[in-house]
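Each chain, letter by letter, is given below.
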Amino acid sequence: MTNNYQIKISVRNLVEFILRSGDIDNRRVRYEVDAMHEGSRIHRKIQKSMGVNYTAEVPLSITMPVTRDGITIDLTVEGRADGIIINEEVQNNIFALLEDDASIVPPPSITIDEIKGMYMDLSHLKAPIDVHKAQVMCYAYIYAKQHDHKSIGIRLTYCNLKTENLRYFEEVLSYDDLEEWFNNLIYEYSKWAVWQINWTKKRNQSIKGLEFPFSYREGQKKLVTDVYKTILRNRKLFIQAPTGVGKTISTVFPSVKAMGEDLVSKIFYLTAKTITRTVAEDTFRMLGEKGLNMKVVTLTAKEKICILDKPDCNPVACERAKGYYNRVNDAVYDLLLNKNDISRDLINEYAKKYGVCPFEMCLDVALWADAIICDYNYVFDPNVYLRRFFASEKKNDYVFLIDEAHNMVDRAREMYSATLVKEDFLVVKNIVKNISGELAKHLNNCNSDLLKLKRECDEFEIVENISDFAYHLLGLMSEFEVFLQDHVVSEGNEELMKLFLDVRHFLNIFEILDDNYTIYTDYDNDNNFRIKLQCMDPSKNMQNCLERGRSSILFSATFLPIKYYKEQLGGSEEDYAVYAPSTFLLDNRLIMIGTDVSTKYTRRSEKEYRKILDYIIDFTKAKIGNYMVFFPSYSMMEEIVLLADNQLEGLVVQSSRMTEEEKEEFLNQFVEAPDKSRIGFCVMGGIFSEGIDLRNDRLIGAVIVGTGLPMVCNERELFRAYYDERNKMGFEYSYLYQGMNKVLQSAGRVIRTKEDRGAILLLDERFCFKQYQNLFPREWFPNIYVNQTSMYPVLEEFWSNKGE
């Protein structure tokens with residue numbers, strides 16, 4: 001007897017996956033708009049205007065048995081029809097028509113409507129787009145089968161988002177034709193469904209026997225349990241996880257176990273740093289060596305995996321783009337059948353074998369992976385998030401494991417902001433003026449709006465209303481789409497497409513403007529005039545994104561104050577927060593605060609810099625070893641370098657815009673068991689203050705110069721005023737928390753393993769203040785106040801003590 005397995009897929013995902021064909025072409029634009037709210041708004045407006053015979057947002061679902069390769073699947077195809085139109089006149093007369101002539105196919109008493117919002121001029125649309133028609137055909141089949149209709153109408157309603165003009169494409173289809181078409185579609189998908197069933201059985205069987213791969217450290221078993229319970233309860237968990245607690249395995253393992261219990265369908269491990277991505281890959285690989293069967297894929301940035309020197313994704317520039325969608329499904333299926341640990345090299349191998357783009361193939365493989373390791377933007381950024389997973393607002397059984405989550409506040413504020421530069425409109429106008437006078441006219445309209453705003457802005461100006469500008473941008477987008485469908489620009493295409501994407505993003509953000517946003521104009525470093533929709537509070541947008549999954553686990557070694565991060569990153573009162581206990585021995589670390597020095601702007605002078613240098617000299621001569629000194633800015637660091645004048649042996653200095661090779665060369669100078677000291681001068685918040693792992697005696701001490709507060713600027717002051725009005729914590733939200741996070745990250749480079757011993761010197765009297773000490777992690781207590789005279793003996797005593 002055959003067991004029936006359950007598989008669900010949305011109508012949209014089904015048709016877009018099976019019916020796609022043709023080229024990748026960055027010179028063209030997709031017809032359908034991907035606005036975050038604009039598409040929904042126009043849907044609702046059209047639906048309300050349709051009258052009493054129109055039923056909006058009708059859920060439709062069908063479950064049918066499909067047998068293939070000896071396996072019977074109950075396949076559920078589900079979705080939501082935009083509208084169902086009941087033709088009452090036809091319904092009333094249908095029996096009379098059939099009595100007159102039974103061979104007559106009557107006009108439809110029911111029509112299924114599918115609404116699509118577009119920027120393009122609808123007169124250029126000669127026929128419905130294939131995947132759109134396929135969607136409405138699926139809904140039509142489901143409805144006709146369930147309501148016993150021999151024929152049914154379908155309608156594609158296209159709406160221009162600027163003019164709100166409508167264009168309809170209507171057709172009547174017989175049930176028999178729909179059934180044959182739908183069955184062929186389902187059968188084509190069934191081989192993938194059968195693979196998924198077989199793989200899920202194998203995966204879950206391996207998970208059942210999986211044990212935690214290490215002896216639990218202090219507090220680690222509780223942390224693993226907390227993560228599992230959070231997933232079980234559909235909550236979010238915010239974890240202050242000091243270095244050494246094993247946060248990666250402590251979050252991955254319970255998520256994998258939850259997957260084995262069918263609580264989780266996909267794990268997203270999100271991180272912005274190469275080192276944490278590598279740790280995640282190693283963790284899954286290690287579990288694989290313990291018997292786990294999982295498909296794990298890492299999404300690599302397009303620029304790093306592209307076969308061209310510079311990505312240019314069209315069939316003229318790249319042979320892998322030509323006919324990509326005709327070949328990629330075969331490539332993905334072959335890979336899935338044969339490989340589990342899906343590395344970058346493996347993607348390149350199969351992409352070459354089938355002649356497809358490795359970047360796009362990697363994204364397609366992700367559809368079938370159990371775990372995806374990727375940057376934050378693949379989930380949160382409205383420009384590049386993975387629409388195949390998150391296009392609908394439907395909640396899925398996904399778990400988001402968000403590493404180094406302290407980075408997400410600034411990242412989210414920037415992702416949900418939008419900027420347009422006036423000069424870009426003039427550049428593109430010059431590119432297209434001899435090709436399309438109409439597009440040039442729309443570009444000129446937008447430029448004129450910005451010119452008016454520029455005349456009102458000396459340096460920085462808050463703007464209350466830009467509705468006229470937004471209206472002109474809508475007109476520009478409509479003409480842009482027409483232009484990009486009709487023309488291929490060779491010279492200036494990069495600039496043209498950049499502006500197109502920037503305008504689209506700006507309009508998307510404009511649609512969600514509320515009191516979490518401020519609009520302002522200013523000038524960039526090149527004195528170009530710009531307008532910005534600045535996200536002041538990303539919590540609402542973050543919450544909307546996190547709600548697409550079942551549960552989210554956010555963790556960082558510098559997540560203090562956790563209440564602030566919980567608030568900014570979309571947490572609610574029902575969500576959890578924990579402080580994982582540190583495993584490090586107190587005797588193995590020394591925290592000192594220099595009380596007689598300051599980096600305040602009012603105190604900066606050669607005398608103060610000399611005092612800082614003397615501290616550094618004494619700190620680094622107490623013991624031969626590797627040290628890093630972190631400064632609040634390049635300018636201060638350079639001042640101290642000049643003062644040092646060969647007084648620091650083994651000094652190496654970070655430079656701005658270092659290449660990967662230069663970064664690696666810098667770090668390679670910090671060797672184990674050095675016979676002479678190495679002192680690295682670095683900048684807080686830079687590439688060496690976070691995401692590097694110098695274990696054991698590759699780094700034994702760090703000097704933190706200053707509190708890391710961001711420089712005062714118009715945008716920071718905007719945040720300060722915003723939060724002063726909101727909660728009287730403008731300084732904390734705009735300066736203090738960001739500054740102290742950089743301090744904590746920099747200091748965290750010293751002690752990386754339980755066996756490490758290290759000293760940390762905080763150079764600024766403000767570290768003695770309660771406002772700052774409230775942000776110290778528990779592991780920083782007790783600490784010792786020192787001055788230039790008392791510091792050296794304290795260090796000598798610490799280094800003479802072997803520790804434990």
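Residues numbered from 1 in each chain as written. Predicted model: local features only at pLDDT ≥ 70, side-chain atom pairs only at ≥ 80, totals over all residues. Heavy atoms only, no water.

A. Inspection of the packing of aromatic side chains at higher detail. Inspection of the entire model under this criterion finds 45 aromatic pairs. With centroids separated by 4.5 Å and ring planes inclined at 20°, the aromatic side chains of Tyr-141 and Phe-182 adopt a geometry described as stacked. Here Phe-182 lies in helix α5 (residues 175-208) and Tyr-141 lies in helix α4 (residues 130-147), a separation of 41 residues in the sequence. On the numbers, 5.4 Å between centres and 70° between planes, the contact of Phe-268 with Tyr-398 is edge-to-face. A residue pair is termed long-range when its members are at least 10 positions apart, and Phe-268 in strand β8 (residues 266-270) and Tyr-398 in strand β12 (residues 398-402) qualify at 130 residues. Residue classification places Phe-268 among the buried positions, given a relative accessible area of 0%. Cluster of aromatic residues (ring-pair linked, three or more members): Phe-238, Phe-559, Tyr-564, Tyr-565, Tyr-722, Tyr-723, Tyr-733 and Tyr-737. Against the face of Tyr-385 rests Arg-548, its NZ or CZ located 4.9 Å from the ring centre. Taking the ring centre of Tyr-601 as reference, the NZ or CZ of Arg-604 above it sits at 4.3 Å. (Phe/Tyr/Trp six-rings, centres within 6.5 Å; stacked < 30°, edge-to-face > 60°. Helix = DSSP H or I, 4+ residues; strand = E, 2+ residues; numbered from the N terminus. Buried < 20%, exposed > 50% of the residue type's maximum accessible area, 1.4 Å probe, protein only. Lys NZ or Arg CZ within 6 Å of the ring centre and 35° of its normal.)

B. Main features of the layout of surface pockets. In this structure, the second largest pocket encloses a volume near 1,200 Å³. Lining the second largest pocket are 46 residues, and of these Pro-242, Thr-243, Gly-244, Val-245 and Arg-752 lie nearest its centre. Put simply, the parts of the chain that give the lining of the second largest pocket at least two residues each are α7 (247-260), α8 (274-289), β19 (589-594) and α26 (730-747). A per-element tally of the lining of the second largest pocket places α8 first, with six residues. (1 Å grid on protein atoms, 1.4 Å probe; cavity = no way out; pocket = protein on both sides within 12 Å on 5 of 7 lines; lining within 4 Å. Points joined across faces, edges and corners; volume = space filled by probe spheres on them.)

C. Spatial organisation of empty space enclosed by the protein. The final tally for this structure, using the stated rule, is three cavities of 30 Å³ or more. In this model, the largest cavity occupies a volume close to 80 Å³. What lines the largest cavity is Ile-24, Cys-306, Ile-307, Leu-308, Asp-312, Cys-313, Cys-318, Arg-320, Ala-321, Cys-357 and Pro-358. For the lining of the largest cavity, the per-class residue count stands at nine nonpolar, no polar and two charged. (Nonpolar A, V, L, I, M, F, W, Y, C, P; charged D, E, K, R; others polar.)

D. Region of the structure containing the environment of Ala-140. Relative to the elements of secondary structure, Ala-140 occurs in helix α4. We classify Ala-140 as buried; its relative accessible area is 0%. Each C-alpha atom, one on Ala-140 and one on Leu-718, is 52 Å from the other, the two residues being 578 residues apart in sequence. Contacts of Ala-140, omitting those with residues within four sequence positions, involve Ile-112, Ile-152, Ile-154 and Leu-178. (Contact = heavy atoms within 4.5 Å.)

E. Fine view of the sheet that holds strand β10 (residues 341-342). Ordered in space as β10-β9-β11-β8-β12-β17-β7-β18, the eight strands form an open sheet in which the pairing is parallel. Only two strands of the sheet have a single neighbouring strand rather than two, namely β10 and β18 (576-579). Looking at chain direction, β8 and strand β11 (residues 371-374) are connected through four bridges and run parallel. Within β11, the residue paired with Tyr-269 across the bridge is Ile-373. (Pairing = 2+ DSSP bridges.)

F. View of a negative patch on the surface. Together, Glu-660, Glu-661, Glu-662, Glu-664 and Glu-665 line one region of the surface with negative charge. Relative to the helices and strands, Glu-661 resides in helix α24 (residues 660-668). (Patch = residues over 30% accessible without salt bridge, like charges linked within 9 Å, V, L, I, M, F, W, Y side chains within 5 Å. Areas by Shrake-Rupley, 256 points an atom, 1.4 Å probe, with all protein chains shown as cover. Salt bridge = Lys/Arg side-chain N within 4 Å of Asp/Glu carboxyl O. Lys, Arg positive; Asp, Glu negative; His and termini not counted. Charge placed at Lys NZ, Arg CZ, Asp CG, Glu CD.)

G. Structural detail: the sheet that holds strand β24 (residues 758-763). Ordered in space as β21-β22-β20-β23-β24-β19-β25, the seven strands form an open sheet in which the pairing is parallel. Each of the sheet's edge strands pairs with one partner strand only, and the pair in question is β21 (651-653) and β25 (784-786). Strand-to-strand twist in this sheet, taken as the mean axis angle between neighbours without regard to direction, amounts to 20°. Examined bridge by bridge, β19 and β25 share three bridges and lie parallel to one another. Opposite Met-592, over in β25, you have Ile-784 as the bridge partner. On the sheet, helix α23 (residues 634-644) packs against β20 (626-631), β21, β22 (678-683) and β23 (701-705) and is oriented at approximately 150° with respect to β22. (Axes fitted to C-alpha atoms, helices over the stretch in contact; angles between N-to-C directions.)

H. Up close: helix α17 (residues 437-455). An ideal rise of 1.5 Å per residue puts 27 Å on 19 residues; α17 measures up with 26 Å between its terminal C-alpha atoms. Listed as buried for α17 are Leu-439, Ala-440, His-442, Leu-443, Cys-446, Asn-447, Asp-449, Leu-450 and Leu-453. The elements touched by buried residues of α17 are α16 (422-432), β14 (460-463), α18 (467-486), α19 (493-510), β15 (517-523) and β16 (529-535). (Expected span 1.5 Å × (residues − 1).)

I. Spatial organisation of unusual backbone geometry. A cis geometry characterises the amide bond from Leu-560 onward to Pro-561, with omega recorded as -5°. With respect to the element layout, Pro-561 can be found in the loop between β17 (551-556) and α21 (562-568). Here the amide bond leading from Phe-781 into Pro-782 is cis, since omega sits at -5°, within 30 degrees of zero. Locating Pro-782 in the fold gives a position in the loop between α27 (770-773) and β25. If you check the backbone angles, Asn-527 has positive phi at about 65° while not being a glycine. Residue placement: Asn-527 occurs in the loop between β15 and β16.

J. The pairing of β24, seen in detail. With six of six residues buried, β24 lies mostly within the body of the structure. Here β24 shows no split at all, with Gly-758, Ile-760 and Leu-762 on one side and Ala-759, Leu-761 and Leu-763 on the other all buried. Pairing geometry for β19 and β24, over six bridges, is parallel. By the bridge assignment, Ile-593 is partnered in β24 with Leu-762. Of the strand pairs in this sheet, β23 and β24 are connected by five bridges, and their pairing is parallel. Of the residues in β24, the one forming a bridge with Gly-701 is Ala-759.

K. Highlighting the nonpolar core. One finds Tyr-189, Met-361 and Phe-380 to be the most contacted residues of the largest nonpolar core, which totals 198 residues. For this core, the element with the most residues is α5, which contributes 12 residues. Ile-231, Val-256, Ile-267 and Met-294 belong to the second largest nonpolar core, which has 35 residues in total. (Core = buried A, V, L, I, M, F, W, Y, C linked by side-chain atoms within 4.5 Å.)

Just geometry here; none of it tells us what the structure is for.
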